[in-house]
Amino acid sequence: MRLTTVILIATIMQVSAAGFAQKITLSEKKANLKSLFKEIRRQSQYNFLYTDAQLAITKPIDIKVSNMELKAVLDLIFRDQPLTYTVDEKTVVVSERKQSLMDKIGEYLRAIDLSGQVLNEAGYPMLGAIVRVAGTKKVTSTDVEGKFFLKDVDPQGTLMISYVGYRTDTIAIAGKTRINVKMDPQLNQIQEVRIVSTGYQDLPRERATGSFESISKVQLQHSTDPNLIRRLEGITTSMDFRNDLRPVNSSNPNAQRSPLVNLTIRGKNTLNENENADLNGNFSGQVLVVIDGIASPYSIDKVNPNDVESVTILKDAAAASIWGSRAANGVIVIKTKKGGYNSKLRVSLSSNLNVTEKIDLFYNKTMRIGDFVEAQKLQFLNANKPLPAVSISSLYGQETVSPVAEILDAWKFKGLSTEQEAMAQLEALKNNDIRRDYTKYFLRKAMTQSHALAIDGGSEKFNYRISGGYDKSINNTRNSGLDRMVLTYSASARPVKNLEFQGNISYNVQNNEEQAEENRISGVANSTFFPYSKLADEQGNPLELTKTYRPGFINLFESTYTGGQFLSWRYKPLEDINEGYNKLKSQNLNLNFSSTYQLLDGLSLQATYNYNTGRNEDNSLYRQNSFYMRNRINYFTTSLASTDPKTGNPVTPYVRQIPLGGQYTTGLTKSNNQTLRGQLNLNKSWNEKHEISAIAGMDLAQNYSILKTDGYYGYNESTLRSDNKLDYKTMIPIIFAEDFSGYNGEYIENLSRGFLDNKIRTFSWYANAAYTFNRRYTLSASVRKDLSSEFGRGTNQKGTPYYSVGGSWNIAAEPFYHSELFPVLTFRSTFGYNGNVNPSILARPLITYSDVNGDNELPYAYTSFGTGISNSKLRPEKTGIWNIGLDFGLKGNRLSGSLQYYNKKTTDLLANGELDPSTGYTNITYNTGNLRGYGIDLSLNSLNVQCGLFKWNSNVLFSYNKVKVTKLYAATASLAGSVVSNSSGSYNEGYDLSRVFGYKWAGLDPKTGDPRGYLDGAIVTIADNTEGNAAYQGIQNGPLSSVKYFGSAVPVYYGAIRNTFSYGNFSFSANLMYKLGYYFRRPASQMVNYSQLNNNIPMIQGIEYQNRWQKAGDELHTNVPSAIFTSSNQNRDNFYKYAEINVLKGDHIRLQELNFSYTITPGKSWFIKNPRISANVNNLGIIWKANDQGIDPEVFDYPNPRSYSFGFSANF
Amino acid sequence: MLSALGILVSSCQKYVDIKKSGAQSFIESANDCQLLMDNYELFNTGYPIDGEVSADDYYMNDARFGSDQISIEDRTIYTWQSGAIRTAAQQWVDIYNKVYHANLVLEALQELNGKEPPAVLNNLRGSALFLRAYAFWNLAQLYTKTYDAATAQSDPGIPIDLSSDINEVPGRGTVQETYNRIVQDLREAADLMNPVSSVASRPNKAAAQAMLARVYLSMRDYPNALSSANAALTLRNTLINFNTLDKGSFSPFKRFNEEVIFHATLYAKNGALEPGYGYEDLALINPELVSSYAANDLRKTILLKENTDVPVPAGTYRFTGNYEGAVGSAKLFNGLAVDELYLIRAECYARAGNVELAMKDLNTLLRSRWAEGTFSDLEATSPDNALSTILAERRKELLMRGQRWTDLRRLNKEPGFATNLKRTVEGITHTLPANDLRYTLLIPQEVVMKSTIPQNER
């Protein structure tokens, strides 16, 4: 047979042979073989491999069979032909009929040995690709470098290379002894990434027993967010981002918070109090991030998503336990892109623009400004208490009070205005609204542009990739922005046989600019900004507000000291934000070098060294013109009222003890992280039935960082001069005879704070092995032990190894399995332990040396919460996870997916728990109890419609997760008061870890409008008096049964549904995200809280204020308690806030994003390849919610504004 | 091969056995112990305040009582309601936090034996014992019955926690056990410590003796109180001459002034005791007490100021004699000072029948308090007469110093000095008869909830 050309007729299904039992029905006269083959393929899904030359010598036949076995039909067809056939998997390979024995012997003598390499479309080696000689039993799979070797092959045979998710490639051997193959991914494939990475090794999905989720670079394209973590949202199962939508104002420090902080994978396992809590006061431990095999050498926020090849999420013990004591909260493994051997130079480019709308400050409906003014007026007149007289020597009573109080005081007590004038002034205030001014003059649309360029290529022995990315953002407040640049170069070389070097260098620099902290207009309710304050006049000219001191004080001060001895105390917020800055500049350099040496066939030794150095500068400037600086200089200037703080004698007036000029502070953090790893890799298969892949290694790491803080007074930006020769050690007389706390002197703050360092070392060893028999059964096991300085000195011996075992069974490969419905079916199960290190908890107390002296002017040391406790019974926390999973694919790939169930048991949970106060603490972090978490992860991919060029795909992600407290070690169970407020350390056996309770509500008191609850079954009124106090205390101390239990405070069911519609090169997708089965408390900003209305700095109340109880009978149609304008007592407010009526169902569905993309089909001669344009709209808002009060359960104060982005990408 | 692996593993254990940070350490040296005890916020502030809130040196007018500055809890405690109780453990747990840290130091010092000079270690051990005893005694004044030799063996005390380990929590024990431990620790401390210290925030031998005198007095063990006061006065006996002070000042005393032997203050945040900023309603001084000062007694102008600002009623007085130094601070000084020692010794002499020495001590004190040249020595006709004069002066001198509640409790045991307290608020008169159960406050709710210790009787 002379097979010279192979024609691949159709897409070949990547399924294992499911026997040979298809039934065929044919009825043809004078049919040629080609048409018969087509018909059989249609009926059986079997493919035919032949050449036109072969068919040219055949003769047409008559055939009439009904429901006949395929084999019998084929025998019939080939009976009288000069051809014969063999069946290989689901392919019928046609060959010429051998005529003589001599031919066969001759062929055997000509047999050759064949080797080669299989690469994917990007030029990466493909591990586990199946290489077989068509029509024979010669078969092998590729090793980790994608290489294969076959002995005694017919030089005229055909090679078939298959890999799930890729188009099967068929190549004529044609006498060659070395064949390199580049595989093409199957279009519209469902699972693109079939290699999973644990960070230590890459495994073919088929041979991994654990629960991995892989995200490819293609999937990451759904969003243009410059933050990688945010791009994972909506395309991954079991990850809850719990983005409580708080950090919207870029001048709010929370805005800088990494989205990693609130992320959980399969619910909470461990609690870490160090991080910020979510809306319901829940904390979670952080997910471990691994970048190119190294645990978090730098923040995930610094990764350029365009450089990411794949992301693997490790969920169960078999997947994650290789990361030992840091794996309990799940692991995210990021692989960056590399060049490929033997690939042509390629340039890829992408560019995006993202615009985000202004924050909607009016989202929260509040009481009318007029009502607010009226409430304040009522409160002031009720109290009937004059404001203190204006004084410039003693500061008592000179701090800012509300303008309403000033107006009323001037009329009522000081006689400076008439009632009519005062009322007119109040009326004028009612027309203002600071949110309007804030929106107009301070907020703006945020804009981000991102550009990325990469070049890659490679020869036989060398490959490389160079990439650069640049992002620039204008944040949503004035004078605030961010830019980021990432440069990466990676290269691999194979200088000699069996040896490969890989190197990677990446540099990134990020600049943040913000208003200086004290200059920020950070809120709309503090002692400077009242709801009716105005930032600018009608023409937009900045207006003055009072900050720190009352206006009368400033006027008196100016009229007393007319000689210019002092700087002005006037404050115009819109000008002040320009009088300084806070700039963060972080630079990071990462070097990674690794070498792999092939010791023996299948056994290689790998050494990796990673060096990472970072430099973060945090620089703040206050110019002399800022209010902050003027106040500081004035404060330390002597006046006629100043006296020597020691002797009380008068001092020379008008001496400035802080020089004129600005104040510049600089904090420099240098970090230095190193990891050294040695690892043995074993990948071997033999007898076509046994495959083993194993690793064993050791890992040494050190992380070190040191912070140095310096500051300068009298700083001049242009001359860079400063004056720091000040006396920090003696009490300096201040401008006032007495300050707010009664002192007449103060120390000048020494801005240079010296050094603070932190060093962590770890040593780990680990091993992992997987054995596969007959491509059906896989067993895996892993073990790891960590020694870390984090556990504290002298405690390392106690560490226990973490291990996992697992197995998988490829049911579809079994000869007995014949399912046409589910041609793909794999079952897997694993068990193992993951650990969690909580470095803030030690058994032996640690002390911290203070960096400033105490009131006794002595240096001192203190213990901190957590690290300062002596707890002889502290035990390490452990999480055992059992996971079972099923991967399935429906006939024709119409539907595929995976279903997993897991059950986790955390013993000796380290969490904040209640403690006998006679120990010196009311609650600390210790082994508080055991948890059980369980859940289901389901992902489904379906092809709903395929009709010509039109296609409709759906991806459904679904997670179910519950975490319950199964055992509590604390002596007492939490009572009503602490469980409703979820105060730290309150848990209850048998309940969800995060849950919502509410006080039982008995309506409003018909006489007073006070809230009422139940105490021992009887209705009690929580009035603002001693009886009310006793009632409230009684309710707080009530048993758990006295409060209403709602359920989980975190979503129990959550996921996303993405529908993609494509027509030719157009593609459109919409992503819905849903969170179900949980409860939340109405945001505090929407509830009335009268004690806050009556504060010195009153807070505006929710719109329900207008619906409050005002007269008898109102209780029939409202639950909003009556207003009281006298008390700071919070009992009524708190009882109302935590009452059952304010707990709502949190279930909702959100339209998260819409994507549109168009791939231009380039002409053959085009220089440009696969250009793609895309557009994306994000945060479209909630489309369904279970609560009927119009509240988005995830919004704390303002919803995340909608954003639009446009992108372009192409290769050259 | 195996031994090579063994060496590798042990060297790796060494590799990870490092200090986390230059700013952090385990307690590993005498200096660390000293630094822990120099934590001013911890050991020199935050002593429980409810004794002073309940006592009768001050009162609130109705405006103040009804204002939102006064919490409902404070109102119930101020009016001695039978169910008056704190919800939060604050005043309890703050004391045990001090005890915890003192225990940490004591445990660390055990390990340091032989590694540092014994003199240094002894002084540190004495300091830790003193601080622990000082904390225990202050708590006992609120939550245990007055020490009475007859019933102390059965009256419930406070948990005497002698180990830092949070897993070891003792029960209440008895009042006798509580006081035994306080006395034992202070005696040992007095033997171990240096006679004086460089700064009044650090304890010393004089402080230990002075505290013993105060403790014995509260136990009505007058002979021991006398000898301790004697021992303390030989080390420290300087009194401030009030003529040298600024009479117009609202904070005439400096923190760590020359009378202070050990500086400590009460928990700061309490509206009832707030002396107030210039214009606010505030704690007013008991008019009976105000009128008891003689015209030439400088204490009337130094320790007190008449209110002149609206809306505080004219003719009322506020307290300005805080040894803490800050104006308007509710962080009242309750530490040990020389003036208190003179008063203790004078009282003990009087009780022992030694009128001459008793009056000598009293006159020494008063001479420094009166206007220059106006004071002529007081005389007493009998020991009883001396005693009542001394007790009257004690009230005038130790005004708002955190001692009145203890004095009320112990003097109630003597029919001649027993007091029935009375307060009229918003037209209602509240009374607290001598030796009432309410002289022992209820243990905060949170403490009872989170532990197994029994509540006090009502």
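The following paragraphs examine the structure supplied in this document. Sequence positions are assigned chain by chain, starting from 1 and proceeding in written order. Chains and ligands are labelled by the order in which they are written, letters from A for the one and numbers from 1 for the other. Whole-chain, interface and lining totals are the exception, using all residues; otherwise, since this is a predicted model, local features are given only for residues with pLDDT of at least 70 and side-chain atom pairs are given and counted only at 80 or more. Heavy atoms from the whole structure form the basis of all side-chain values; hydrogens and water molecules are not counted.

Concerning the pattern of salt bridges
Here is step 1: One speaks of a salt bridge when a side-chain nitrogen belonging to Lys or Arg is within 4 Å of a carboxyl oxygen belonging to Asp or Glu. Counting across every chain of the model gives 73 salt bridges over all chains.
Here is step 2: Lys 1075 of chain A is paired through a salt bridge with Glu 1194 of chain A; the nearest N and O atoms lie 2.6 Å apart. One end of the pair, Lys 1075 of chain A, is in strand 49 (residues 1066-1076); the other, Glu 1194 of chain A, is in the loop between strand 53 (1169-1185) and strand 54 (1203-1211), with 119 residues separating them in the sequence.
Here is step 3: The cut-offs for exposure are 20% and 50% of the maximum accessible area for each residue type, with area from a 1.4 Å probe on protein chains only; residues under the lower value are buried, those over the upper are exposed, and the others partly exposed. Judged by relative accessible area, Lys 1075 of chain A falls into the buried class, the value being 8%.
Here is step 4: Residue classification places Glu 1194 of chain A among the buried residues on the basis of a relative accessible area of 9%.
Here is step 5: For the salt bridge of Arg 125 of chain B with Glu 188 of chain B, the shortest nitrogen-to-oxygen distance reads 2.8 Å. Note that Arg 125 of chain B is positioned in helix 8 (residues 118-143) and Glu 188 of chain B in helix 9 (residues 175-192), a separation of 63 residues in sequence.
Here is step 6: A relative accessible area of 25% places Arg 125 of chain B in the partly exposed class. Helix and strand assignments come from DSSP, with helices taken as H or I runs of at least 4 residues and strands as E runs of at least 2, each series counted from the N terminus.

Brief notes about helix 17 (residues 404-411) of chain B
Three- or four-residue spacings in an α-helix give side chains the same orientation, since the helix completes a turn every 3.6 residues.
Here is step 1: Where burial is concerned, most of helix 17 of chain B is hidden: 8 out of the 8 residues are buried.
Here is step 2: Taken as a whole, helix 17 of chain B has its buried residues at Arg 404, Trp 405, Thr 406, Asp 407, Leu 408, Arg 409, Arg 410 and Leu 411 of chain B.

Observations regarding the packing of aromatic side chains
How two aromatic rings sit relative to each other is set out by the distance from centre to centre and by the angle between their planes.
Residues and elements named next belong to chain A.
Here is step 1: Ring geometry is summarised as follows: Phe, Tyr and Trp rings, the Trp one being its six-membered ring, pair when their centres sit within 6.5 Å, and such pairs are stacked at plane angles under 30 degrees, edge-to-face over 60 and tilted between the two. Tallied over the full model, the rule gives 66 aromatic pairs over all chains.
Here is step 2: An angle of 20° between the planes, with centres 5.6 Å apart, marks the rings of Trp 952 and Phe 1061 as stacked. Residue Trp 952 is located in strand 42 (residues 950-968), and its partner Phe 1061 is located in strand 48 (residues 1053-1063); the two are separated by 109 residues in the primary sequence.
Here is step 3: Residue classification places Trp 952 among the partly exposed residues on the basis of a relative accessible area of 29%.

Brief notes about the packing of helix 14 (residues 338-351) of chain B against helix 15 (residues 355-369) of chain B
All names here are of chain B.
Here is step 1: Helix 15 packs onto helix 14 with a crossing angle of 155° between their chain directions and a minimal axis gap of 7 Å. Comparing the axis directions of helix 14 and helix 15 gives the class roughly antiparallel. Considering the relative orientation of helix 14 and helix 15, their crossing is left-handed. For the pair formed by helix 14 and helix 15, the contact residues are Asp 339, Tyr 342, Leu 343, Arg 345, Ala 346, Tyr 349 and Ala 350 on the first element and Leu 357, Ala 358, Asp 361, Leu 362, Thr 364, Leu 365 and Arg 369 on the second.
Here is step 2: Gly counts as polar in this scheme, as do all residues outside two lists: the nonpolar Ala, Val, Leu, Ile, Met, Phe, Trp, Tyr, Cys and Pro, and the charged Asp, Glu, Lys and Arg. Looking at side-chain class alone, the contact of helix 14 with helix 15 contains 9 nonpolar, 1 polar and 4 charged residues. Lines fitted to the C-alpha atoms define the axes, with helices restricted to the stretch that makes contact. Angles between their N-to-C directions range from 0 to 180 degrees. Relative orientations are named as follows: roughly parallel for angles under 35 degrees, roughly antiparallel for angles over 145 degrees, roughly perpendicular for angles from 65 to 115 degrees, and oblique for any other angle. With the far helix as reference, a near helix turned anticlockwise by less than a right angle produces a left-handed crossing, and one turned clockwise produces a right-handed crossing. Pairs of residues are marked as contacts when any of their non-hydrogen atoms sit within 4.5 Å.

Brief notes about the pairing of strand 8 (residues 421-425) of chain B
All names here are of chain B.
Here is step 1: Where burial is concerned, the two faces of strand 8 differ: the one with Leu 421, Arg 423 and Val 425 is buried and the one with Lys 422 and Thr 424 is not.
Here is step 2: Pairing of strand 8 with strand 9 (residues 428-432) involves 5 bridges; the strand directions are antiparallel. Across the sheet, residue Leu 421 finds its bridge partner in strand 9, namely Leu 432. Strand pairing is defined by DSSP finding a minimum of two bridges between the two strands.

Quick word on the pairing of strand 40 (residues 895-914) of chain A
All names here are of chain A.
Here is step 1: Extensive coverage of strand 40 is indicated by the burial of 14 of its 20 residues.
Here is step 2: Examined bridge by bridge, strand 39 (residues 878-889) and strand 40 share 12 bridges and lie antiparallel to one another. Following the sheet pairing, Asp 887 is matched in strand 40 by Ser 898.
Here is step 3: Two elements, strand 40 and strand 41 (residues 923-947), share 18 bridges in a ladder whose sense is antiparallel. Looking at the pairing, Leu 895 lines up with Ser 942 of strand 41.

With respect to the environment of Ser 402 of chain A
Residues and elements named next belong to chain A.
Here is step 1: Residue placement: Ser 402 occurs in the loop between helix 8 (369-383) and helix 9 (403-412).
Here is step 2: For the pair Ser 402 and Asn 306, spaced 96 residues apart in the sequence, the C-alpha separation amounts to 51 Å.
Here is step 3: When sequence neighbours within four positions are dropped, the list of residues in contact with Ser 402 reads Gln 376, Phe 530, Tyr 532, Asn 1096 and Pro 1098.
Here is step 4: Here a polar contact is taken to be a pair of N or O atoms separated by no more than 3.5 Å, where protein atoms must pair a possible hydrogen donor with a possible acceptor and residues adjacent in sequence count only if both atoms sit in side chains. Looking at Ser 402, its side chain comes within polar contact range of the side chain of Gln 376, at 2.7 Å.

Focus: the packing of helix 14 of chain B against helix 16 (residues 383-397) of chain B
All names here are of chain B.
Here is step 1: Axis separation between helix 14 and helix 16 bottoms out at 9 Å; the angle between their running directions is 160°. The angle between helix 14 and helix 16 places the two elements in the roughly antiparallel class. The crossing of helix 14 and helix 16 is left-handed. Within the contact between the two elements, helix 14 uses Asp 339, Glu 340, Leu 343, Ile 344, Ala 346, Glu 347, Ala 350 and Arg 351 and helix 16 uses Pro 383, Ala 386, Leu 387, Ile 390, Leu 391, Glu 393, Arg 394 and Glu 397.
Here is step 2: In terms of residue class, the contact of helix 14 with helix 16 is built from 9 nonpolar, no polar and 7 charged.

Let's talk about the interface of chain B and chain A
Here is step 1: Counting from both sides, the interface comprises 65 residues of chain B and, opposite them, 77 residues of chain A.
Here is step 2: Around 6600 Å² of area is buried between chain B and chain A when both sides are counted, 58% of it from carbon and sulfur atoms.
Here is step 3: Taken as a group, Phe 26, Ile 166 and Lys 450 of chain B account for 12% of the area that chain B buries against chain A, more than any other trio of residues on that side.
Here is step 4: Taken together, the links from chain B to chain A amount to 1 salt bridge.
Here is step 5: Residues Asp 855 of chain A and Arg 255 of chain B are paired through a salt bridge, measuring 3.5 Å at the closest nitrogen-oxygen approach.
Here is step 6: Run the count over chain B and chain A and you get 16 residue pairs in polar contact (both at pLDDT 80 or more).
Here is step 7: Of all the elements in the fold, those that place two or more residues in the side of chain B that touches chain A are helix 1 (2-16), strand 1 (24-26), helix 2 (30-37), helix 3 (40-43), helix 6 (72-78), helix 7 (90-112) and helix 18 (445-450) of chain B.
Here is step 8: Element by element, the count of residues in the side of chain B that touches chain A is highest for helix 7 of chain B, at 7 residues. By convention, the term buried area covers the 1.4 Å-probe accessible surface removed from two parts as they join, with the contributions of both added.

Looking at helix 10 (residues 205-218) of chain B
Residues and elements named next belong to chain B.
Here is step 1: Multiply 1.5 Å by the residue count of a helix minus one, and that product is the helix's expected span. Across its 14 residues, helix 10 extends 20 Å between first and last C-alpha, which sits within 8% of the 20 Å expected from 1.5 Å per residue.
Here is step 2: With 13 of its 14 residues buried, helix 10 lies for the most part within the structure.
Here is step 3: Its side-chain oxygen 3.1 Å from the backbone nitrogen of Ala 206, Asn 204 forms the N-cap of helix 10.
Here is step 4: Just downstream of helix 10, Arg 220 is the residue with a positive phi angle, here 60°.

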